Amino acid sequence: MGHYIARRLIYLLVVLLVVSAITFFLMHAVPGGPFDQEKALPEETIANLESYYHLDEPLLLQYGRYLYDVALPHFTIQAPGNTRQEDFLIQFKVGNVWIQWMNFGPSYASRSRTVNDLFRQQLPVSMQLGVMALSVALLVGMPLGILAALKQNTILDYLGMSLAIFGVSVPVIVLGPLMIWIFGVTLKWLPPSGWGATPPYLWGILPQKLNWDYFKYAVMPAFALGLGSSAIIARLTRASLLQVIREDYIRTARAKGLQEPLVISRHALKNSLIPVVTVLGPLFAALITGTFVTELIFGIPGMGKYFVISITNRDYSVIMGTILLYAIFLVLSNLVVDIVYAYLDPRIRYD
Amino acid sequence: MTVELNLNSGRADAGGTPLTLKRESLWQDALRRLLRNRAAVIGGVIILILALTAIFADVIAIAPYDRQTLSDQNQVPAYLGVIFPSMKPYMKVSDKYPLGADYVGRDLFSRIVYGTRISLTIALIGPLISLFIGVIYGSISGYFGGRVDNLMMRIVDVLYAFPGLLFIILLMAFFRSTFAKPEPGTLAFFLGKLDSSLGGMLFIIIGIGLTGWETQARLTRGQVLSVREKEFIEAAHTIGASDLRIMFRHILPNIIGPLVIVETLAIPGYISLEAFLSFIGLGINPPTPSWGAMIADGANAIRTYPNQAIFPALALAITMFAFNFLGDGLRDALEPRLRGTQ
């Protein structure tokens, strides 16, 4: 297992290198630059800005500089200053040496902020939304699927599966406005837009208070985003449980006189979870990037708005940083899923 | 194909009619199963209606999709006051527009009718592109195996690590601005012209095609691997058939079924991707109507004129329902073994 994880981590580095290279050169191939504005700046100013941010250098050198800043850990003895040029996402002290890592650079469009500022203030919101949507997907999808499988071909089954088709057919951009209109505008049960937490965040990611004032903002977006995935999970759980229930070892369990609830919970459920776990990786990826759309609809101050703006602004460092960070999430979540998979199904060994 | 078995010929003189057994081909059998699936039939009928709407949009629409009447902006027919009571106090009633007018006074109904064209074109072309690239890529990878296979699949793995949605946003921005004002006479100029004459469809299609094929490629490879070692392939090798011929005449027909089904099930995904791109303003060029762009416009006015977002949203939802129903039905009819796996 250790070998396998090590190999996967090396592979992760290669993937990130390729992702960063493609993104970097594609992004610079888009005409225009970060300092083009409605009211054009004088040429000298632009030239100055570009040389200050090293944007006048050859692309390959810029790319190398970027990798140096982001990927290589930096070691200093001095206590790190708080300049915008040297803002590291991760820094800690070992003995009297500071280890600093992941300097995603300044944002060219809003020059008072660094990309890391953006990550610290906006990313937690996106993550909270993504995790809540995933919880909705699992907490709605799995019980629905289990119920439908145990009551196969009854009205419950049909109802549950119709609900699942409804779930996959209604994308966020449909469900969002509908929910806002019904629960936000007409019934006034929930606030139609906004988010219930502001920085600073607990451990850099959690909101300070977990109360209704926080959750009332999250209910609609989390459901709008998670419902489609819950439908996928429900159908998968149902199909997989139906298959497992017909296996011989289930018949054996019943034959030796085990009670039905125990047969289901001890013998059937764990094995039927395996296919569900395999889709969790792609699902998490879809949800975590899906937060972008949801944030735009519900006016949530997460990464979504800033990413779309950064593309129109050619805010290179924000584009690069966001795509890289999300690529890291995707690859890591797939790795975690593979490990969980091996744990659930001991027949699978990676070495 | 009908096979007549005269099982009771010996008793023909007794007046018994010959017993006839109809043997069904695979496709007839699948069609029969499909038609028995009520949801799939409803889905198919809805898609047919949508297709007719798209083709005859000029006849059905009551106004051109881009005709603005600024004095009519946000007008609403009287009956909508009953459905959306919150609008009642301030709505400007007029029966000129069956579903109301939008914020610049364009007829919502006509725009929804024209929007059918975009969504259905995407529904048709998205899967074709993804099938085309994915099947060729996957076939080559699976057929040749070894080092080629390894390299090609690693490339797909890397593409999988791209945060798809973010990447396609970047890609669309790249297309949109690269081909905005190129030199006349170049390829870029030609593509840009073609794209703008299609209302922005070309680049959406390319974008979808570039991001949608990886799953298909993996699936195709798996399928190719499963039939590659079969006897009939070996037989084809021994009579000297070329690699290309084996790949596309012997292997492909045997694996295409599940591939098409998976692609059918992916159609709603393509439709919602287009709607999403248009929603954030990187998809269809205005004023060409796309449901996604209409929802975006309507979402800005959701508190005051909910009809402007709700109706295009319903159109989008109904279309996706129809394709989901039909896709599910097709899968159950053609590959009963796959039932419930997607």
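The structure presented is a predicted model; accordingly, all values stated were derived computationally and were not measured.

Helix and strand counts for chain B stand at 13 helices and 4 strands. Classification of the 342 residues of chain B by burial places 41% in the buried group. Sequence separation of 24 or more characterises 69% of the internal contacts of chain B that already satisfy a separation of 6 or more.

From N to C terminus, chain A includes 12 helices and 3 strands. If one aligns the C-alpha atoms of chain A with their principal axes, the spans along those axes are about 85 × 55 × 40 Å. The proportion of buried residues among the 351 residues of chain A is 39%.

Turning our attention to the interface of chain B and chain A. Tallying the contact residues gives 39 residues for chain B and 41 residues for chain A. Sort the elements by how many residues they give to the side of chain B that touches chain A and helix α7 (residues 164–178) of chain B lands first, with 10 residues.

Attention now goes to the sheet that holds strand β3 (residues 97–101) of chain A. Residue and element names in this part refer to chain A. As summarised here, the arrangement of the 3 strands in space is β1-β3-β2, forming an open sheet in which the pairing is antiparallel. The sheet is open, and its two borders are formed by β1 (74–76) and β2 (90–94), each paired with just one other strand. Each strand of the sheet is rotated relative to its neighbour by a mean of 20°, with strand direction disregarded. Pairing analysis gives 3 bridges linking β1 to β3, with the strands arranged antiparallel. Across the sheet, residue phenylalanine 75 finds its bridge partner in β3, namely isoleucine 99.

Okay, helix α1 (residues 2–29) of chain A next. If you check α1 of chain A, its first and last C-alpha atoms are 41 Å apart, about what 28 residues at 1.5 Å a residue would give, namely 40 Å. Of all the positions in α1 of chain A, only Val15, Val19, Thr23, Phe24 and Met27 of chain A are classed as buried. As for α1 of chain A, its buried residues are in contact with α3 (59–71) and α12 (316–344) of chain A together with α6 (146–160) and α7 of chain B.

Moving on, we get to the confidence of the model for chain B. All names here are of chain B. For chain B, per-residue confidence averages 82 on the pLDDT scale, and 89% of positions sit at 70 or higher. Strand β1 (residues 2–4) is the least confidently modelled element of chain B, averaging 48 in pLDDT, while helix α2 (residues 38–55) averages 92, the highest of any element. This complex was scored by the predictor with a pTM of 0.83 and an ipTM of 0.82.

So, on to the packing of helix α5 (residues 108–144) of chain B against helix α9 (residues 201–228) of chain B. Residue and element names in this part refer to chain B. Put simply, α5 and α9 touch, their axes get as near as 5 Å, and they point 40° apart. When the axes of α5 and α9 are compared, the pair comes out oblique. The chirality of how α5 crosses α9 is right-handed. In the contact of α5 with α9, the residues fall into 18 nonpolar, 12 polar and 3 charged.

This part takes up the pairing of β2 of chain A. All names here are of chain A. Counting buried positions along β2 gives 0 out of 5 residues, so the element sits mostly on the surface. By the bridge criterion, 5 bridges tie β2 to β3 in an arrangement that is antiparallel. Note on β3: the bridge partner recorded for lysine 93 is tryptophan 98. Between β2 and the antiparallel strand that follows it, β3, lie 2 residues; glycine 95 among them carries a positive phi value of about 65°.

The nonpolar side chains of soluble globular proteins are, as a tendency, buried together. Counting 161 residues, the largest nonpolar core has Ala133, Ile173, Ile323 and Ala327 of chain A together with Ile169 and Ile295 of chain B as the members making the most contacts within it. Ignoring anything within four residues of it in the chain, the contact list for isoleucine 169 of chain B reads Val308 and Ile311 of chain A together with Leu282 of chain B.

Side chains that are three or four residues apart share a direction in an α-helix, a result of its 3.6 residues per turn. With 28 residues, α9 of chain B ought to run about 40 Å at 1.5 Å a step, and its terminal C-alpha atoms sit 38 Å apart, in line with that. Taken as a whole, α9 of chain B carries its principal kink of about 35° at tryptophan 213 of chain B.

To continue, consider the packing of helix α6 (residues 155–169) of chain A against helix α13 (residues 307–334) of chain B. Between α6 of chain A and α13 of chain B, whose axes approach to 9 Å, the crossing angle comes to 125°. Compared by their axis directions, α6 of chain A and α13 of chain B come out oblique. When you trace α6 of chain A past α13 of chain B, the crossing you get is right-handed. Contacts between α6 of chain A and α13 of chain B involve Ile165, Val168 and Ser169 of chain A from the former and Ala317, Met320, Phe321, Asn324 and Phe325 of chain B from the latter.

Positive phi, normally seen in glycine, also occurs at histidine 54 of chain A, with a value near 65°. Mapped onto the elements, histidine 54 of chain A comes out in the loop between α2 (43–52) and α3.

Tracing the chain through its elements places glycine 257 of chain B in helix α11 (residues 243–279). Residues glycine 257 of chain B and arginine 331 of chain B lie 74 residues apart in sequence; the distance between their C-alpha atoms is 9.3 Å.

The next subject is the environment of lysine 209 of chain A. Residues and elements named next belong to chain A. Relative to the helices and strands, lysine 209 resides in the loop between α7 (172–186) and α8 (212–245). A count of 11 C-beta atoms within 10 Å places lysine 209 in the exposed class. Taking C-alpha positions, lysine 209 is 9.2 Å from glycine 196, a pair spaced 13 residues apart along the chain.

Residue and element names in this part refer to chain A. With respect to the helices and strands, the residue leucine 89 is situated in the loop between β1 and β2. With 141 residues separating them along the chain, leucine 89 and serine 230 place their C-alpha atoms 33 Å apart. Discounting chain neighbours no more than four positions away, the residues touching leucine 89 are Trp101, Met102, Phe104, Asn116 and Phe119.

Conventions we followed
Residues numbered from 1 in each chain as written. Chains lettered and ligands numbered in written order. Predicted model: local features only at pLDDT ≥ 70, side-chain atom pairs only at ≥ 80, totals over all residues. Helix = DSSP H or I, 4+ residues; strand = E, 2+ residues; numbered from the N terminus. Buried ≥ 20, exposed ≤ 12 C-beta atoms within 10 Å, placed from the backbone. Contact = placed C-beta atoms within 7 Å. Pairing = 2+ DSSP bridges. Axes fitted to C-alpha atoms, helices over the stretch in contact; angles between N-to-C directions. Expected span 1.5 Å × (residues − 1). pLDDT = per-residue confidence, 0-100. Parallel < 35°, antiparallel > 145°, perpendicular 65-115°, else oblique. Left-handed = near helix turned anticlockwise from the far one by under 90°. Nonpolar A, V, L, I, M, F, W, Y, C, P; charged D, E, K, R; others polar. Core = buried A, V, L, I, M, F, W, Y, C linked by C-beta atoms within 7 Å. Bend = angle between axes of the 7 residues up to and from the residue.

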